[in-house]
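# Observations on chain architecture
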Amino acid sequence: MSDNINIYMPAEVSRILADRARNLRLQYRMRQVTLAEKSGVPAISIRRFESTGMISLSSLLKIAGALNCLDNFLELFPPHEAGTMAELEKLEGKKSRKRGTL
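Below you will find a few notes about this structure. What you see is a predicted model; the values in this text were computed from it and never measured.

## Considering the nonpolar core
Here is a general trend for soluble globular proteins: nonpolar side chains tend to be buried in one another's company. In this structure, Leu-35, Ile-46, Phe-49, Ile-63 and Leu-67 are the most contacted members of the largest nonpolar core, which totals 14 residues. When contributions to this core are tallied by element, the ones reaching two or more residues are helix H1 (10-27), helix H2 (32-39), helix H3 (43-52) and helix H4 (57-66). With near-sequence residues (within four places) excluded, Leu-67 lies in contact with Ala-21, Leu-24, Arg-25, Tyr-28, Met-30 and Leu-35.

## Focus: the pattern of salt bridges
According to the stated counting rule, one finds two salt bridges in the structure shown. Residues Asp-19 and Arg-15 are paired through a salt bridge, measuring 2.6 Å at the closest nitrogen-oxygen approach. Pair noted here: Asp-19 and Arg-15 are both in helix H1, with a separation of four residues, about one helical turn. Classification of Arg-15 by relative accessible area gives partly exposed; the value is 26%. Among the ionic pairs, Arg-25 bridges to Glu-50, the shortest N-O distance being 2.7 Å. With Arg-25 in helix H1 and Glu-50 in helix H3, this residue pair connects regions lying 25 residues apart in the sequence. A relative accessible area of 6% places Arg-25 in the buried class.

Calculation rules
- Residues numbered from 1 in each chain as written.
- Predicted model: local features only at pLDDT ≥ 70, side-chain atom pairs only at ≥ 80, totals over all residues.
- Heavy atoms only, no water.
- Core = buried A, V, L, I, M, F, W, Y, C linked by side-chain atoms within 4.5 Å.
- Buried < 20%, exposed > 50% of the residue type's maximum accessible area, 1.4 Å probe, protein only.
- Helix = DSSP H or I, 4+ residues; strand = E, 2+ residues; numbered from the N terminus.
- Contact = heavy atoms within 4.5 Å.
- Salt bridge = Lys/Arg side-chain N within 4 Å of Asp/Glu carboxyl O.

Following this line, the structure appears as structure tokens:
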């Protein structure tokens, strides 16, 4: 985990992502219609995303792919890394659950 503490609300993160996607699209000199064609996401969804920040995850991933940013999503939810030998042994011995219940 990072020592930096940033507190964002989900709506703020959505808005930031929408602004970044729009800016990147404009850097590529791409119209919303062109991004829609490249990504397979309807232009109306792209318009709504850029104005409100609201979009489905699958559409967001398609847009990220069209803007050459899909790999950045792999940085989300990084696996826990052991800091000590005891933690490593604990992780190695732990069986992963198949369901969300205990």
